Amino acid sequence: MGGAVSVGEDNDDLIDKLKEAHYIRSETVEQAFRAIDRADYYVEGYKENAYKDMAWKHGHIHLSAPCIYSEVMEALQLQPGLSFLNLGSGTGYLSTMVGLIIGPCGVNHGVELHEEVVDYARERLEDFIKNSDTFDKFEFCEPVFVVGNCLEISTDSHQYDRVYCGAGVKKFQENYMKVLLKIGGILVMPLEDQLTQITRTGQATWEKKNILEVSFAPLVQQNKADGQKSDVVCLPPVAVRSLQDLSRLCIRRTLRNLANGDGPEKEVVQRIPQKRKRGNCRQRCINTYGFVENQFIRQVVDCEEVESPEEDLKKEEEEDEDEEDRDISDVKIVKQVNMLRDQIMSLPLPLSLKAYVLHYREK
């Protein structure tokens, strides 16, 4: 599934194309997509496919097409402070984008069938927190992933404001999914080959809307041997944040606001404009004759003569060599500065506490 937009040169170019095609329609969704490079969730050796609008699979590791993720993010109507459950959380790419929007007061849980995929998702999450250039620009709700079959969730589990299922749901499984949703919540899932948005409007009332036609692999039913009990999936608890964690959040928020007040983090690059190339010409005198007051008189006229292609090519090569040797002191490059990090490092705190406030990031 995919192919709705052309191949992007990089992550930003892919997002530009998704916007032009109206798959991404809101600023919050756009910011989340730009903050996380899709290629970071590809296995080494396959990253050249990251900016194609196509689904990708490697073993049990799977990513849906960018146009599908765009429609899902828009349909979820995410806001700060919401609780989110991702059924079939996979690499954690979608859950991480959601975490940038719902923020630190939200809840962000994922259930994934394959343990090695959960390990991969945790690895990608740690890399994002420690190394991403955009992490410090957001207040983040870190996803928590558990291993298990999402069709075996404990019946006494809590409900969520937003639920997404990343595998095909059959009609008889629809009510099971609805039970996971709070009143007023939104469920997005591929139901009978239609990406569907379901809003719970009351205790037993729902509104359903088809978004677009899709093709997803179906949910995996657990194989049960005779007399064998199901492996019940217990979702992570919804815990109150510790005072220590809340203090870090408040410190980072205050310093981020101060840093943004001093000036936004930007990268300014001024490039030398390319010179327009034209055919090389040389001056040449031409004798002409004309009548002046009934007299036939010779006149000398200056004109330009276009040189031969061989001469043009030779001169262009000489100009290119001169351009390479040219002093580039007029090119001004201002490197991006992480103002939040600078603010934290200037605090009169022990280094261990500064590292905690920085989320142990090294840059």
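Refer to the structure printed above.
Predicted, not measured: the structure shown is a model, and the values here were computed from it.

A. Representation of the state of the cysteines within the structure. Inspection of every chain in the model, using the stated rule, returns zero disulfides. For C105, which is in no disulfide, the shortest distance to another cysteine sulfur is to C141 and amounts to 8.9 Å. Free of any disulfide, C150 has its nearest cysteine sulfur in C165, 5.0 Å distant. Residue C150 is classed as buried on the basis of its relative accessible area, which comes to 8%.

B. A look at helix α5 (residues 115–131). Compared with the 24 Å implied by 1.5 Å per residue over 17 residues, the 24 Å span of α5 between its first and last C-alpha is a close match. Of the residues making up α5, those classed as buried are V117, V118, Y120, A121, R124, L125, F128 and I129. Structurally, α5 contributes buried residues whose contacts are with α2 (27–35), β2 (61–63), α4 (93–102), β4 (107–112) and β5 (144–147).

C. A look at the sheet that holds strand β7 (residues 181–191). If you trace the seven strands from one edge of the open sheet to the other, you get β5-β4-β3-β6-β7-β8-β9, paired in mixed fashion. Looking at which strands have only one partner, the edges of the open sheet turn out to be β5 and β9 (206–213). Neighbour to neighbour, the strand axes of the sheet diverge by 15° on average, direction disregarded. Pairing analysis gives six bridges linking β7 to strand β8 (residues 194–200), with the strands arranged antiparallel. Bridge assignment links L191 to a residue of β8, and that residue is Q194. Along the sheet face, helix α3 (residues 66–76) touches β3 (83–87), β6 (160–165), β7, β8 and β9 and points at about 165° away from the line of β7.

Rules behind the numbers
- Position numbers for residues count from 1 along each chain, tracking the sequence in the order it is written.
- Under the rules for a predicted model, residues below a pLDDT of 70 receive no local features and side-chain atom pairs below 80 are neither given nor counted, while totals for whole chains, interfaces and linings still include all residues.
- Heavy atoms throughout the structure, all of them, feed into the side-chain values; hydrogens and water do not.
- When two cysteine sulfur atoms are found within 2.5 Å, that pair is recorded as a disulfide.
- Think of it in three bands: with a 1.4 Å probe and only protein chains considered, a residue is buried below 20% of the maximum accessible area for its type, exposed above 50%, and partly exposed in between.
- The helix and strand labels rest on DSSP assignments: H or I over at least four residues marks a helix, E over at least two residues marks a strand, and numbering proceeds from the N terminus.
- The span one expects for a helix is its residue count, reduced by one, times 1.5 Å.
- By definition in these notes, contact holds between two residues if any of their heavy atoms fall within 4.5 Å.
- For two strands to pair, DSSP has to find at least two bridges joining them.
- Angles run from 0 to 180 degrees between N-to-C directions of axes, and those axes are lines fitted to C-alpha atoms, restricted for helices to the stretch in contact.

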